[in-house]
Structure formats: structure tokens, C-alpha cells
Amino acid sequence: MCPPHNRATAVVWLRRDFRLTDNPAIRHAVAHADQMVLLYIHAPHEECPWQPGAASNWWLHKSLSAFRERVLKKRARLIIRRGDSLETLIRVCRETGAKTVCWNRLYEPAIMKRDRKLGAELTRAGIEAFDFGGALLREPGEVVKDDGTVYRVFTPYCRRHASLPAPDDPLPEPDYLPAFPDSLDSLEIGELDLLGAVNWHSGLVEYWEPGEKGTEARLRRFFNEGLERYGEDRDRPALAGVSGLSAHLHFGEISSRQVWMRMREGDSRPDAAPEESPAWPYLRQLIWRDFACHLLHHNPRMSDHPLDPMYENFAWESNPELLERWKRGETGIPLVDAGMRQLWQTGWMHNRVRMIVASVLCKNGLVHWLEGARWFWDTLVDADLANNTMGWQWVAGCGPDAAPYFRIFSPRSQGEKFDPEGHYIRQWVPELADVPARYIHEPWKRSGDGGTGPGARYPEPAIDLNRGRLRALDRYRDARAAWTLSGGGGQ
């Protein structure tokens, strides 16, 4: 093919930004080029140790399909290629005569390193490279202390974040897309083999609609029905008290700025500080999302190593039996099993329950937090390296704003507080559907049914929670004492 050199052409390299609204890379191309190529490159195993898991790949398949349909309605095409990113970008530029490539930033350390190298190589090849911030409210280097150092504690980070000028307004959806002539080769989405051979994910369609249409429906429902009670309901797993937008945000089907603006639409004083907004409890969660990226950006080893070096040599234990029962939701601890079964069936778990199941595994069971993080990474549709890492390290006590080593979640007390009647447990653990509420969190304490009454098929607890708690406290105290004796690492 002879490329049309007489017209300015830009390639928009899409990664996890499958939206037309508030997409800075697309807006740049629309404003500066006569023709635009929307390009997705499937490049598994490319310099990134944390490859997307099965649930993420399912969502990617659906999100690509939905985005392709949106683009077709604009009389444009989504071009799909597979291979090395740099080689593919240069090849597409040669095929089209494009002199510009633009993309929106991702923040995983390995990907950022790859992108810097790729941008330099494109420049050497005579191709202009532009990258834009479109995934966060504020870039990782934007929220810093007065002396320029970075925050490692959320509360002061949040205060500084909220004190800065309001995030930029979202960019509007382009009226048209200056499409490249329909002559480029493209793979079909099915050729990427994102769904895998095991059809475990067939039930996910009952819970999720990836794409901008599904995102807008979920956002509208939460704004109209859940936002007002978010502060009261967000910790109740049996209620629809959270937004459910995490996967949509991760795959860029909506931007944080879009969500921020929508949440503030109901403010009587839109120019007031964010903390004065009725939506502040939810806006604060968007800032937590920025904080996770901020931490990973400034601490690139954090995905595999404790942020607190005190725990670098912590004496975790190998307990494959507990780990497998935990994964299957067969620990005999109702709230834990409910969460793990919800995860397997829906690709998602309520955040309060995520903390509880992690605490039982890491602290009561002394299983390394990375074991749990890897399972979440494979099974969560919203698996995000920054958020997943921060959450697991927070519970394990070795991360930012670390929970004190002596804070160990009790599934019983947490359940009595946030699922008092056991509605969440009964939904996901049907063996316990008829267990009286007074026993729902500790069914092994029932007596008088001779092993044949309600819940008889439910297993005994895989671990003694009280004994595990005391053992964990001793182990954490030993780690702290050893660190102190070593002079904080022997420096």
C-alpha cells in the first residue's frame, strides 16, 4: 500500500482507555491530524511481570468489543494488532505515513519504563511521541509536601490533594473521528484468545456490562440511588451501597474526572471545598485511588516487596491446604467463604470483605500476602496493581498507613457489625441459609442438631482463629524486636 503522505495522520495507541469522552490522546489527534488510526496492540509478557489475569482478560475482551462498536458508530475503525509494541507502532506508521503517535499514560513501574524507552525510540525513528495524563485526578508527582518530598500516609496526602485547584473538566466526546481509509489489516478480537479454554467466567455477564454504555448506566444508578447513603451503606456487603465502578475505571471506560464531576453535580455550592460536598465520602475514595498510584510510582518495588522494610524477612509460613480452602471458599469461616465465593462467581468482592479475607489469610494463617494478592490479581475484574498491592500490604501491616500489627480483623465481630442478620452470608453460602442469626457467624457453636440440622454440610473451621491471632501477635512482635536490635536494618 502506498501511504497518503499528503495528509497529516496520527496513531492513537490505546491500552486501557476505551472511551471517547475525556480521552486526551484522541482529542489531541482529532485537533491536530486530518486522519487518525485507533490502534490496540496485544503484547502479552512485554516487560511486565504482572500479566493480566483471567478475569481481567474477560473484561478486556468485552471492553474492546464495546469500544469497537462505539467507534463504528462514528464511522471509524479500531485496528487490532498483536506483537512487540514498538515494532508494531513503527510498522503502522510506515503503512499509514503517520508522523505522530499519542497515548494516555499507565502507571505500573514496568510499563512506565517501557513507555519511556519506546518514546525515545519513536523519536529516533522520526516519529513524534506524545503522552497524556487521563487516568487519574492528579498525576503522581503533583501531590507532594511543601519540601517536595512524597507522602506515605493517606490522611495528609488527602488533605493536600483536596486543597489543590479542582481537577480539570472532562474533555467532551469528539463530534467526529477523522478515520483513516479502510485499508489497514486488523485482527478480530476473538483471535486474541482472551477468554481462555475454561469457561469459568460464563456467569460474569449476569453482573457486568463492560463498555461506556454499561459504565454510564452504573454511574447513573449509583448517583440517583446510592450516593446519598454511601457513607452509611458502603461497609454493608449485603446492600448495594457502593458504586461498582472500579473495573470501569481501571479499563478507562470512564475517567476519574468524569466521576468526580458527576458526583459534585448535586452540590448546592459547587465551588466549595470537596470536603464540604455531600459526596465527600465517595470523592475520598477517588483520592485513595490516586494515592495508590502515587505510592507505586514512587516505590516501584512495592508490587513484590513490603513498603516497610521491617517486614522484608518476616517469617511467613507455607500452608497450601489453608490457601486452597481459602481460594475455594471452604475455610469454615462464613464471612470469609461468602467473600471468596462472591469473588469466584462475580469477579468482584465487597471492599470490607476483602480486608477480612486478607486478614484471616495473612495474620491468622500467616500466609504471605503475595499469595493472596496473586489470587485476587487472577480473579478480580477490577484487578489493579496499585490498588491490589496497597490493599494487601495495608492488611498485612507492611504497607502505607499500615494497620498496627495487633489489629487483626475478627470475622465474627465484623460480621455482627456489618452483616448482623447474615444476609450476605446466606446469599453466597447456601449451606447456611437456614442457620439462626445467632449462629450464622460461628455455626460450629450450634448444638442439639446431631450433625443433621441446618448447615450440617458446612465444614469445620480450617484454622483456630484465636490461636492463630495469638501466634501472629508473637510473630509480629518478634519481627519488630529483631528490626530494633539490628538498628533498623543494620545501617
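Notes on the structure follow. (Residues numbered from 1 in each chain as written. Predicted model: local features only at pLDDT ≥ 70, side-chain atom pairs only at ≥ 80, totals over all residues. Heavy atoms only, no water.)

### Quick notes on the overall build of the protein
And then number 1: Helix and strand counts for the protein come out as 19 helices and five strands.
And then number 2: The C-alpha atoms of the protein give 24 Å as radius of gyration, which agrees with the globular expectation for 491 residues (23 Å, within 12%).
And then number 3: Seen along its three principal axes, the alpha-carbon backbone of the protein occupies a region of about 85 × 55 × 50 Å.
And then number 4: With 491 residues in all, the protein has 54% of them scored as buried.
And then number 5: Look at the contacts in the protein between residues 6 or more apart in sequence, and 79% of them connect residues 24 or more apart.
And then number 6: For the protein, the accessible area works out to roughly 22300 Å², and carbon and sulfur atoms hold 48% of it. (Helix = DSSP H or I, 4+ residues; strand = E, 2+ residues; numbered from the N terminus. Rg over C-alpha atoms; globule rule 2.2 N^0.38 Å. Buried < 20%, exposed > 50% of the residue type's maximum accessible area, 1.4 Å probe, protein only. Contact = heavy atoms within 4.5 Å. Areas by Shrake-Rupley, 256 points an atom, 1.4 Å probe, with all protein chains shown as cover.)

### Regarding the packing of helix H11 (residues 320–328) against helix H14 (residues 369–379)
And then number 1: Where H11 meets H14, the axes come as close as 12 Å, and the angle between the chain directions of the two elements is 30°. The orientation of H11 with respect to H14, classified from their angle, is roughly parallel. The two elements H11 and H14 cross, and the hand of that crossing is right-handed. Residues Leu 323, Trp 326 and Lys 327 of H11 form the contact with H14, whose own contacting residues are Glu 371, Gly 372, Trp 375 and Phe 376. (Axes fitted to C-alpha atoms, helices over the stretch in contact; angles between N-to-C directions. Parallel < 35°, antiparallel > 145°, perpendicular 65-115°, else oblique. Left-handed = near helix turned anticlockwise from the far one by under 90°.)

### Points about the pattern of salt bridges
And then number 1: Per the stated rule, a full pass over the model turns up 33 salt bridges.
And then number 2: Across the pair Arg 68 and Glu 69 runs a salt bridge, and its minimum N-O distance is 3.7 Å.
And then number 3: Classification of Arg 68 by relative accessible area gives partly exposed; the value is 24%.
And then number 4: Judged by its relative accessible area of 40%, Glu 69 is partly exposed. (Salt bridge = Lys/Arg side-chain N within 4 Å of Asp/Glu carboxyl O.)

### Thoughts on the pairing of strand E1 (residues 9–14)
And then number 1: With six of six residues buried, E1 lies mostly within the body of the structure.
And then number 2: Judged by which residues are buried, E1 turns out to be covered on both faces: Thr 9, Val 11 and Trp 13 on one side and Ala 10, Val 12 and Leu 14 on the other are all buried.
And then number 3: By the bridge criterion, six bridges tie E1 to strand E2 (residues 35–42) in an arrangement that is parallel. Pairing of Thr 9 across the sheet is with Gln 35, part of E2. (Pairing = 2+ DSSP bridges.)

### Description of the packing of aromatic side chains
And then number 1: Counted by the stated rule, this structure contains 25 aromatic pairs.
And then number 2: Here the aromatic residues Trp 58, Trp 59, Trp 208, Phe 251 and Trp 348 are joined through ring pairs into a cluster of three or more.
And then number 3: Note that Arg 15 overlies the ring of Trp 13, its terminal NZ or CZ placed 4.3 Å from the centroid. (Phe/Tyr/Trp six-rings, centres within 6.5 Å; stacked < 30°, edge-to-face > 60°. Lys NZ or Arg CZ within 6 Å of the ring centre and 35° of its normal.)

### Brief notes about H11
And then number 1: Within the span of H11, buried status applies to Leu 322, Leu 323, Arg 325, Trp 326 and Lys 327.
And then number 2: Its buried side turned inward, H11 meets helix H12 (334–346), helix H13 (351–364), H14 and helix H15 (385–396).
And then number 3: Where H11 terminates, the next one or two residues include Gly 329, which has phi positive at roughly 70°.

### Some details on the environment of Leu 171
And then number 1: Position of Leu 171 among the secondary structure elements: in the loop between helix H5 (154–163) and helix H6 (212–225).
And then number 2: In this structure, the C-alpha to C-alpha distance between Leu 171 and Gln 258, residues 87 residues apart in sequence, is 8.9 Å.
And then number 3: Once residues lying within four places of it in the same chain are set aside, the contact partners of Leu 171 are Thr 21, Asp 22, Asn 23, Pro 24, Arg 27 and Arg 257.

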